[in-house]
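Residues per chain are reported as follows:
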Amino acid sequence: FYVQSIRLCGMAVAGSLLGLQPIAVVFFVRCFFNERIRSSSLISAVIGLAGIILLSSAGSGESNFAGVLFGVLTALFLGLNFTYHLKYLPGETTAKLVFTQNLFQLPVLLPFLFIGKIQAEISSILPMMALGLICTCGAYYLIYEGSKKVNKQLIGILQLTENIVPVIIGVCFFHEHVTAMMYAGIGCVLLSVVWGLLGRDIASPQLTA
């Protein structure tokens, strides 16, 4: 959904819609665990969303209904993905969760390999391996492991910091210029994280017990 959103309406709009993820996480936490939605969680989510919009404004793209829909679905499914396992698979190890997830999604994703023109090059194998092993498996391992140790409503808010990483990489490796608006976006994302951390004890009830 995220890739389709980027293709249809550009990185700017898709990145902004991804900022809805913390709100989706709070929604599913409410549905699965019947937790009261705390005002500090919503405030953090809104501040973070503002930061993502500011960061994404540096890109370009025109919104259309399909692209926006895919972007909203991306945030919705990420929110579901990062909370359902806490409800229905609480005893599973992190490694098993990551392995099983990738095992079952492979047959679903495989047909997409044959949609469109296949351009396989030797030089692209290592980058693809890095994307799969480090940026996907490694990232999900850290997310699942971390989600067991923090307050559930904070999961999406903490993940918003991933949007700062491309800015840092752009400056360090591609000599990109950071605008005042992007600095403001980074500040909002960091503020949303700090607000969420200071708003409650970050340790989960099960672990503090």
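Up top you'll find the structure we're talking about.
All of the points below concern the structure found in this document. (Residues numbered from 1 in each chain as written. Predicted model: local features only at pLDDT ≥ 70, side-chain atom pairs only at ≥ 80, totals over all residues. Heavy atoms only, no water.)

**Side note on the overall build of the protein chain**
1) Next: A tally of helices and strands in the protein chain yields 10 helices and 0 strands.
2) Next: Across the protein chain, helices and strands are ordered from the amino to the carboxyl terminus as α-α-α-α-α-α-α-α-α-α.
3) Next: Here the protein chain, with 209 residues, has 35% of them falling under the buried criterion. (Helix = DSSP H or I, 4+ residues; strand = E, 2+ residues; numbered from the N terminus. Buried < 20%, exposed > 50% of the residue type's maximum accessible area, 1.4 Å probe, protein only.)

**Remarks on unusual backbone geometry**
1) Next: The residue Asn-34 is not glycine, and still its phi comes out positive at about 55°.
2) Next: Position of Asn-34 relative to the elements: it lies in the loop between helix 2 (21-33) and helix 3 (39-56).

**A few points about the nonpolar core**
1) Next: Residues Val-25, Leu-78, Phe-82, Val-98, Tyr-140, Tyr-144 and Ile-155 are the most contacted members of the largest nonpolar core, which totals 13 residues.
2) Next: Elements with a minimum of two residues in this core: helix 2, helix 4 (65-88), helix 5 (94-109) and helix 6 (125-147).
3) Next: When near neighbours in sequence (up to four residues on either side) are disregarded, Val-98 contacts Cys-137, Tyr-140, Tyr-141 and Tyr-144.
4) Next: Grouped together as the second largest cluster of nonpolar side chains are 9 residues, Ile-52, Leu-160, Val-178 and Ile-186 included. (Core = buried A, V, L, I, M, F, W, Y, C linked by side-chain atoms within 4.5 Å. Contact = heavy atoms within 4.5 Å.)

**Here we look at the side chain of Gln-21**
1) Next: For Gln-21, the location among the structural elements is in helix 2.
2) Next: With near-sequence residues (within four places) excluded, Gln-21 lies in contact with Ala-75, Leu-78, Gly-79, Phe-82, Gly-156, Gln-159 and Glu-162.

**A word on a nonpolar patch on the surface**
1) Next: On the surface, Ile-122, Ile-125, Leu-126, Met-129, Leu-133 and Ile-134 cluster together into a nonpolar patch covering about 680 Å² of accessible area.
2) Next: Within the fold, Ile-134 resides in helix 6. (Patch = residues over 30% accessible without salt bridge, like charges linked within 9 Å, V, L, I, M, F, W, Y side chains within 5 Å. Areas by Shrake-Rupley, 256 points an atom, 1.4 Å probe, with all protein chains shown as cover. Salt bridge = Lys/Arg side-chain N within 4 Å of Asp/Glu carboxyl O.)

**Things to note about the pattern of salt bridges**
1) Next: Applying the stated criterion across every chain yields a total of 3 salt bridges.
2) Next: Taking the shortest distance from any N to any O, the salt bridge between Lys-152 and Glu-35 comes out at 3.8 Å. With a gap of 117 residues between them, Lys-152 in the loop between helix 6 and helix 7 (155-159) and Glu-35 in the loop between helix 2 and helix 3 connect regions that are remote in the sequence.
3) Next: Assessed through its relative accessible area of 9%, Lys-152 is described here as buried.

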